[in-house]
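# Tertiary structure, described
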Amino acid sequence: MLSVIKEFCGIGGYTREAAGAYSWQHLTFVSTCVVIMFVLGIFIGLHFKKHPEKNKNLPLIWAALLIDGFEIGKIIICCIRAEMGDEHWYDSLLLDLPLFLCSIQLITLPLAAFTKGRLKEAALDFVLIFGLLGALAGTFGAAQNFGSYPLICIDNVASVITHCISGFGALYIGCSGMASLRKRNIGITYGILGFFCIAAYAVNRIIDYNYMFLMRGDGTPYDILFNLVGGNQILYLLGVIGLFLVYIFAFYMVHFLIKRTKKSDTVIAQSI
């Protein structure tokens, strides 16, 4: 039993071969998890849509506790693994900071669950906007993980679970009607993203890492942009940040367009 746990956690190194990027094992595993994510997010969201506002927060609280619980558990195991290997625990910790785009949900999801007022509204909007995108990018797009680790291991399993929880959060918020997407909160949404981009870039420069993929694509779809600009660091950095900003703007604009269309249809229906 102990040997199974050590192999699952990668303590002493994995003896099994990597699953393979976009292999049938990779795609089958993440597809199953994503389907479960969609079913739970939509079903629970529609169920709580009719509940009082104070009850709607309960699934978000559980989601916030679970996403941080799984991530903290993975970090602890990785630190233990590092100490038992050739590294120190703090070296491993520096590589597990919540500075990827998907990792921001480790902070914004608890903010959405436990805060009030405009901060809660902005956090709900942020999870709605980036949660599902991060879930799909961190499962189907995580080719580098499945190309480096065995299919069933702490690195892949914990990553897929946390990404799917963020996707669940987005689906639940959307289906339960908790999101406001008010114009007054757009600045806060940009502010949250801007803060993490600055922090990620600063840490990247200090420890030579690639948080938020601001330095290079590393086997992700960002490689398309990296190759498009010929590897130019400045153009690539501006391109990645620009894509984030355009995505937020487009999300809000689509929402406002749909809202305006529904309002116009209601006025026409009432006038008939």
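Up top is the structure these notes are about.
Structure report, in brief. Here the structure is a predicted model, which means the values were calculated and not measured. Along each chain, residues carry numbers from 1 onward, in the same order as the chain's sequence is written. Reporting of local features is limited, given that this is a predicted model, to residues whose pLDDT is at least 70; pairs of side-chain atoms are given and counted only at 80 or more, and all residues count toward the totals for whole chains, interfaces and linings. Note: side-chain values were computed over all heavy atoms of the structure, leaving out hydrogens and water.

### Examining the overall build of the chain
This is how the line gets drawn: Numbering of helices and strands runs from the N terminus, with a helix taken as a DSSP run of H or I at least four residues long and a strand as a DSSP run of E at least two residues long. For a compact globule the rule gives 2.2 Å times the number of residues to the power 0.38, and the radius of gyration it is set against comes from C-alpha atoms. Accessibility here uses a 1.4 Å probe with only protein chains present; expressed as a share of the type maximum, an area under 20% marks a residue as buried, one over 50% as exposed, and anything in between as partly exposed.
Along the backbone of the chain there are 11 helices and zero strands. Going from the N terminus to the C terminus, the chain shows its helices and strands as α-α-α-α-α-α-α-α-α-α-α. Taken over C-alpha atoms, the radius of gyration comes to 20 Å for the chain, in line with the 19 Å a tight globule of 272 residues would show. Counting across all 272 residues of the chain, residues that qualify as buried make up 43%.

### Remarks on the layout of surface pockets
Filter applied, for reference: The way it works is a 1 Å grid over only the protein atoms, where trapped points that fit a 1.4 Å probe form a cavity and open points with protein on both sides within 12 Å along at least five of seven lines form a pocket, and then any residue with an atom within 4 Å of a point lines it. Grid points are joined across faces, edges and corners, and a volume is the space filled by probe spheres set on the points. Amino acids are sorted into nonpolar (Ala, Val, Leu, Ile, Met, Phe, Trp, Tyr, Cys and Pro), charged (Asp, Glu, Lys and Arg) and polar (every other residue, Gly among them).
Space inside the largest pocket adds up to approximately 1300 Å³. Every residue lining the largest pocket is counted, 48 residues in all, and those nearest its centre are Phe100, Gln144, Asn145, Tyr209 and Phe213. Going through the elements one at a time, α3 (53–84), α6 (117–137), α7 (143–146), α8 (154–176) and α11 (233–271) are the ones with two or more residues in the lining of the largest pocket. Per element, the largest residue contribution to the lining of the largest pocket is six residues, and it comes from α3. Considering only residue class, the lining of the largest pocket consists of 24 nonpolar, 15 polar and nine charged.

### Focus: the environment of Lys120
Quick note on the threshold: Contacts were defined at the residue level, with two residues in contact if any of their heavy atoms lie within 4.5 Å.
Of note, Lys120 is situated in helix α6. Taking relative accessible area as the criterion, Lys120 reaches 15% and is therefore assigned buried. In this structure, the C-alpha to C-alpha distance between Lys120 and Tyr209, residues 89 residues apart in sequence, is 31 Å. Excluding residues within four positions of it along the chain, Lys120 makes contact with Asn57, Leu111, Ala112, Ala113 and Thr115.

### Looking at the packing of aromatic side chains
The condition that has to hold: In summary, the pairing rule links any two rings of Phe, Tyr or Trp, Trp by its six-membered ring, whose centres are within 6.5 Å, and it sorts them by plane angle into stacked for under 30 degrees, edge-to-face for over 60 and tilted for everything else.
Within this structure, the stated rule accounts for 16 aromatic pairs. For the pair Phe130 and Tyr247, a centre-to-centre distance of 5.4 Å together with 50° between the ring planes defines the contact as tilted. Taken together, the residues Phe130 in helix α6 and Tyr247 in helix α11 connect sequence positions 117 residues apart. Exposure remark for Tyr247: the relative accessible area of 27% places this residue in the partly exposed category. Considering the side-chain rings of Tyr252 and Phe256, the 6.0 Å spacing of their centres and the 40° angle between planes classify their relative orientation as tilted.

### Comments concerning helix α2 (residues 24–49)
As a reminder, the rule being used: Given a helix with a known number of residues, its expected span is that number minus one, times 1.5 Å.
Given a rise of 1.5 Å per residue, 26 residues ought to cover 38 Å, and the 37 Å separating the end C-alpha atoms of α2 matches this to within 8%. Along α2, the positions that sit buried rather than exposed are His26, Phe29, Val30, Cys33, Val34, Met37, Gly41, Gly45 and Phe48. Buried positions along α2 lie against α3, α6, α7 and α8.

### Remarks on the packing of α2 against α8
The test is simple: With axes taken as lines fitted to C-alpha atoms, and helix axes fitted only over the stretch in contact, angles between N-to-C directions fall between 0 and 180 degrees. An angle below 35 degrees is read as roughly parallel, one above 145 as roughly antiparallel, one from 65 to 115 as roughly perpendicular, and any other as oblique. Rotating anticlockwise by less than a right angle from the far helix to the near helix defines a left-handed crossing, while the corresponding clockwise rotation defines a right-handed one.
Between α2 and α8, the least distance of the axes is 8 Å, while the angle of their chain directions is 30°. Compared by their axis directions, α2 and α8 come out roughly parallel. For α2 against α8, the interelement crossing comes out right-handed. For the contact of α2 with α8, the residue count by class is 18 nonpolar, four polar and one charged.

### Observations concerning the environment of Val240
Among the structural elements, Val240 can be located in helix α11. A residue is classified by how much of its surface remains accessible, and Val240, at 0% relative accessible area, is buried. Val240 sits 225 residues away from Thr15 along the chain, and the two C-alpha atoms are 36 Å apart. When neighbours within four sequence positions are excluded, Val240 is seen to be in contact with Met212, Phe213, Leu214, Tyr222 and Leu225.

### With respect to unusual backbone geometry
Even without a glycine there, the phi angle at Tyr22 is positive, about 60°. On the secondary structure map, Tyr22 appears in the loop between α1 (2–9) and α2. Residue classification places Tyr22 among the partly exposed residues on the basis of a relative accessible area of 44%. Positive phi outside glycine occurs at Phe213, with the angle close to 50°. Mapped onto the elements of the fold, Phe213 is located in the loop between α9 (186–207) and α10 (222–228).

### Concerning a nonpolar patch on the surface
In plain terms, the rule: Candidate patch residues must exceed 30% relative accessible area and have no salt bridge, after which like charges are joined if within 9 Å and Val, Leu, Ile, Met, Phe, Trp or Tyr side chains if within 5 Å. Residue exposure ignores everything except the shown protein chains as possible cover, and the areas themselves are Shrake-Rupley values with a 1.4 Å probe. Here a salt bridge means any side-chain nitrogen of Lys or Arg lying within 4 Å of a carboxyl oxygen belonging to Asp or Glu.
Taken together, the side chains of Leu58, Trp62, Leu65, Leu66, Phe70 and Phe114 make up a nonpolar region of the molecular surface, amounting to roughly 620 Å² of accessible area. Looking at which element gives the most residues to the nonpolar patch, the answer is α3, with five residues.

### Some points on the pattern of salt bridges
In this structure the tally under the stated criterion is seven salt bridges. Ionic pairing is found between Asp218 and Arg216, a salt bridge with its closest N-O pair at 3.0 Å. A network of salt bridges, in which partner residues are shared, links Glu71, Lys74 and Asp96.

Worth remembering: the numbers are spatial, not functional.
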